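Residue-level structural notes
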Amino acid sequence: MTWYNYDQKNPGSALPDDKTLVTTWLTRLNLQNIEIENYLNGVETNWDDIVYQTGLQQDYTTSISNRTDNFSYYWSLGYADREGVKTGDRYRNFRSRLNLESKVTSFLTVGLNSQFATRIGGYLAADVDQREHNSPYTTNEIDNLDSPYRMYPSGDNNTKNPFFDNLYRDRRDINHDFNANLYAILKLPFGLEYQMNFTPRYHWYEYMNHESSQHPEWAGEGGKSERKNEKTFNWLLDHIVRWKQEFGNDHRVEATFLFNAEKGQWWQTVAKNQQFTPSDVLGYHNIGAGAIPSVSSNDTYKTGDALMGRIFYSFKDKYLITASVRRDGYSAFGQMNPRATFPAVALGWVFTSEKFMEASGSWLNYGKLRFSWGQNGNRDIGQYDALASLNSGLHPYIDQNGNVYVTSQIYINRMPNNTLKWERTASYNIGIDFSVCGDRLSGSMETYMAETNDLLVNRSLPSILGYDNVKANLGTLTNRGFELTLNANVIENRNFSWNSSGTFSFHRRKIKHLYGDKEEIKDADGNVIGYKEADDLANKWFIGHDTDQIWDYERDGVWQLGEEEEAAKYGNKPGDFKYIDQNNDGVMDNDDKIFQGYTTPRFRWSWRNEFTFYKNFNLSFMVYSHIGQYGTFNRAANTGGMFDRYTVVDIPRWTKDNPTNDYGRLGSKNIGSNYVKKTFVRMENITLSYNVPQNFLKRFSVQNMRFSVAVRNPFVITGWTFGDPEGGDTTLRTVNFGVNFTL
C-alpha cells in the first residue's frame, strides 16, 4: 500500500485492481499512454527486425577475349545490385573494362587498359538509431496515414519512426569513374627498352538532396535543397628506360631509369537554397525558386615529379645486389624544400648454392639471406598546409561618434611554413627465405628496424601568436618488428591435397624525440637536478612511449555503498566508476594519469587452408587474429539523461542489490574512460567450390564451369560482447553463391 500511495495526491486505504496497479507502475517508468495501452494488450514490436534486413547482393560479369600473334583484346561488362543490412540501404553499379594490346612492329607494342564505372546511390536507409528510442510497446504506423503515432510512435518527440524523415527526402547520389593506362613499349638496340605510361583518372560526383516543407518539423524552412557537383582529374606520366645484359653464364646486369610527372585538380560547386515560393514541389530541380540562396565553390591543384635510377647485379644467381636512388617532388611542401632524395640498397645471398651446403641438400632445398637499407618519404598532408590561408568576412567597428559600421575584412587563418619538407623514414631489414623437405615447407622470416624523422605534425602554438597550430616537421619515431610466413604442402596424393599457409607478426614503435623543448627535473625537495625534453600532453605524445599507448586514469571498479564520503571528494556517488587518485591529493588531474595498454594489436596472426577432394571439390578457409589491443567502452558507465528510457544494447547496471564493479548506475557520472580488451579470432571466410568435369562440359561447348558458395565473416571468437571488436556495432556477414563459366 505504501508503494502505491507515495505519489498519490489522495492516498487510498485499499489497493486498486491489477490493471490500475500495472498502469501506475508503467507510468512511473515514464511509459506514454500508447505504450501502456500496448503493454496491457500484449502488443510488442521488435524494431531490430524492422530497421535491419537480410540484404540481397547480386553481381554479374560477362566478358569476351581473344588473342592473335599481333593483337589481343579483353572486354567485360558488369552489373552489381547490393543491399545493406539497414532497411532501404542499397546501391547499384555499372562497370565496363576494355584492354587492348597491339604489336605494331617487331620493336613497338602499344596498349590500353581502361575501366569505367557508375555507382548509383541515393537510396535512403532507415534511421537505425531510432530503434534505441522506440520501446517494444510502440508500433510501426508508417503506412497508416491517419495514425497520430505515424511520426512519433510513443506520442512524444523523444521517439521517431525510423522511416518517417525519408518520406520527405528526395536524393540523387551518383559517382562516375574512368581510369585508364595507355602505354607504348619500344625495343631498342643493345638490350635497351623504353616504355611510356600515361595514366589519367576522371571522377565525377553528383549529389542532390531536397527536404520537403511538408515535413511537420521542417515546415519553417520552407523546403531546403542542395546541389553539389565535383570533378577530379588526375594524371601520371612515366618514362621508363630499361637495360638488361648477360655477360657469359655468370653475370647478369639490369638497370632501370624513371622520369615521372603528375598533376591533380579538383573542382567543387555547391548550391543551396530554402524558403521556396510559391512551393518547393520541384525541389532541387528548381533550386533558384528559394529565397535564401547560398553558393560556394572550391578548387585545388597539385603537382609532383620524380626521378629514379636502379641497378641490379647478379653473379651466378647466388650473389645479388640492388642499388637505387629516387628524388621526389611535391607541390604541397614549402617553397624551400619541395623535393627530397631517397637512396636504398639491398643484398642477397643464396647460400644453398654454395658447395659447403651440398651436404644439407637432402632436406634444405633453398635458402636465401637478405639485407636491405633504404629511405622513403611521406607526403600525406593537405595540398596547401605549407601556405597561409586567407579568409574573408564581415567585421563591425565603431567610429569616434559611436556609429556602428560593418565592413568586409581579409585575414590569415593559417600560419605558413615555407620550410616544410618531406617526412623521411630510414629502415633496415634482415630476412631469410627458405624451402625444406622437398619444397613441402617454405617460408620467410624477417625483422626490421626503422626510424622516422621530420614527422609531419600539427604543432600547437601559444594563443598570443594568433594561430592555434602550424604544420611542421618535428620529432623522431622508431619502429621495429618481426614477420614470419610459412607455406606447407601438407598432403598431396591422387584424390586429396591439403595446402596451408600462415603468418605471424608484431610491430613496436616509440617516440624518440619531439620538439626539443626542455623542462626541469626536480627532486623531492623541489630542487632542479637536470633537464629533459618535454612531452606533448595535448596530443598525448610521450618520449619513450608508443603513440598508441593509453595514458589515462586507471579505473578501479565502481564506487560502492559505504564509500559515499570518499566518492564525494571527486564529485561521485555510489554507482559511478572509480578512478585511482595516484598521488592522493584529492584532485583528479594529469598527475593521476598513467600508462596502461595499447589501442593497436600487440600480435597478429593468420592461417589459410585449402583442401582439394577428388580433383573437383575445393574447400578453403582463412582465420586471423589480433591480440592485446584495448578500446574504450564508456557505455558501461550508463551515463546520460535518458538511460532510464532507452539504451543502445541491453547493458547491465549497478544497483544497491547488484553492486557490480563492471557497470555504472543509470545516469552515473564518468570522469574518465573505461578500457576493455578487444582481442579476437575471426573466421574471415569459408569457401566451397565444385569444378564441373571437362569431359562433361565438352558436350555443351563449354570450356570450364565452377559453382561456389562462400561465407564471409561467419563468426568471431572474443571476450567482447557488445558489437564487433574490430568493426564497431555492426559488421556484415555475407553468403555468396557463384557460377563462373567460359565458352
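Placed above this text is the structure.
Only a predicted model underlies this, so the values are computations on that prediction, with no experimental measurement involved.

**Quick look at the packing of helix α2 (residues 18-28) against helix α3 (residues 33-41)**
Here α2 crosses α3 at 135°, and the two axes come no closer than 10 Å. It follows from the interaxial angle that α2 and α3 lie oblique. You can see that α2 and α3 cross each other, and the crossing is right-handed. Residues K19, V22, T23, W25, L26 and T27 of α2 form the contact with α3, whose participating residues are I36, Y39 and L40. By residue class, the composition of the contact of α2 with α3 is six nonpolar, two polar and one charged.

**A short note on the packing of aromatic side chains**
Across all of its chains, the model carries 34 aromatic pairs by this definition. Ring centres of Y202 and F233 lie 4.5 Å apart, and the angle between their planes is 15°; on these two criteria the pair is classed as stacked. Residue Y202 is found in strand β6 (residues 192-211), and its partner F233 is found in strand β7 (residues 224-247); the two are separated by 31 residues along the sequence. Aromatic side chains F617 and Y690 sit 4.7 Å apart centroid to centroid with 40° between the ring planes, which places their arrangement in the tilted category. Remark: Y690 occurs in strand β29 (residues 680-691) and F617 occurs in strand β26 (residues 617-627); sequence separation between them is 73 residues. Classification of F617 by relative accessible area gives partly exposed; the value is 39%. Three or more aromatic residues joined by ring pairs form one cluster here, namely F496, W498, W607, F611, F613 and F621.

**Overview of the environment of T425**
Mapped onto the fold, T425 is located in strand β15 (residues 423-436). Of the residues examined, T425 reaches a relative accessible area of 16% and is grouped as buried. Sequence separation between T425 and N658 is 233 residues, and the spatial gap between their C-alpha atoms is 53 Å. A distance of 2.7 Å separates the side chain of T425 from the side chain of T452, its partner in a polar contact.

**Observations concerning the pattern of salt bridges**
Scanning all chains against the criterion turns up 37 salt bridges. Taking the shortest distance from any N to any O, the salt bridge between K318 and E354 comes out at 3.6 Å. Separated by 36 residues along the polypeptide, K318 in the loop between β9 (294-315) and β10 (319-330) and E354 in the loop between β11 (339-349) and β12 (364-378) bring together distant segments of the chain. Each member of the pair K318 and E354 is classed as buried. Taking the shortest distance from any N to any O, the salt bridge between R665 and D576 comes out at 3.0 Å. Note that R665 is positioned in the loop between β27 (630-632) and β28 (675-677) and D576 in the loop between α6 (564-568) and β23 (577-579), a separation of 89 residues in sequence.

**Comments concerning the side chain of S72**
You can see S72 is positioned in strand β2 (residues 71-83). Residue S72 is classed as buried on the basis of its relative accessible area, which comes to 10%. Contact partners of S72, with chain neighbours within four places excluded, come to N66, R67, N99, L100 and E101.

**Let's talk about α3**
Those residues of α3 that fall on the buried side of the exposure criterion are I34, E35, I36 and N38. Contacts from the buried residues of α3 go to α2. Of the residues one or two after α3, G42 is the one with positive phi, at around 75°.

**Some details on the nonpolar core**
Among the nonpolar cores identified, the biggest contains 17 residues, and F577, F633, Y663 and F722 are the most heavily contacted of them. For F633, the contacting residues outside a window of four places in its chain are I651, Y663, N674, V676, W720 and F722.

**Observations regarding α2**
Regarding α2, the residues found buried are L21, T24 and L26. Phi for N30, located one or two positions after α2, is positive at around 70°.

**Re unusual backbone geometry**
Put simply, T277 and P278 share a cis peptide bond, and its omega is -5°. Here N584, not a glycine, exhibits a phi torsion of approximately 55°, which is positive. Here N584 is to be found in the loop between β23 and β24 (594-598). Given a relative accessible area of 67%, N584 falls into the exposed group. The phi angle at S701 is positive, at roughly 60°, despite the residue not being glycine. Structurally, S701 can be placed in the loop between α7 (694-697) and β30 (704-718).

**Comments concerning the environment of A323**
Counting through the fold element by element, A323 comes out in strand β10. Residue classification places A323 among the partly exposed positions, given a relative accessible area of 34%. Each C-alpha atom, one on A323 and one on G374, is 9.4 Å from the other, the two residues being 51 residues apart in sequence. The residues contacting A323, other than those within four sequence positions of it, are G309, R310, I311, A344 and V345.

Quick notes on the rules
Residues numbered from 1 in each chain as written. Predicted model: local features only at pLDDT ≥ 70, side-chain atom pairs only at ≥ 80, totals over all residues. Heavy atoms only, no water. Axes fitted to C-alpha atoms, helices over the stretch in contact; angles between N-to-C directions. Helix = DSSP H or I, 4+ residues; strand = E, 2+ residues; numbered from the N terminus. Parallel < 35°, antiparallel > 145°, perpendicular 65-115°, else oblique. Left-handed = near helix turned anticlockwise from the far one by under 90°. Contact = heavy atoms within 4.5 Å. Nonpolar A, V, L, I, M, F, W, Y, C, P; charged D, E, K, R; others polar. Phe/Tyr/Trp six-rings, centres within 6.5 Å; stacked < 30°, edge-to-face > 60°. Buried < 20%, exposed > 50% of the residue type's maximum accessible area, 1.4 Å probe, protein only. Polar contact = N/O pair within 3.5 Å; in protein donor to acceptor, adjacent residues only side chain to side chain. Salt bridge = Lys/Arg side-chain N within 4 Å of Asp/Glu carboxyl O. Core = buried A, V, L, I, M, F, W, Y, C linked by side-chain atoms within 4.5 Å.

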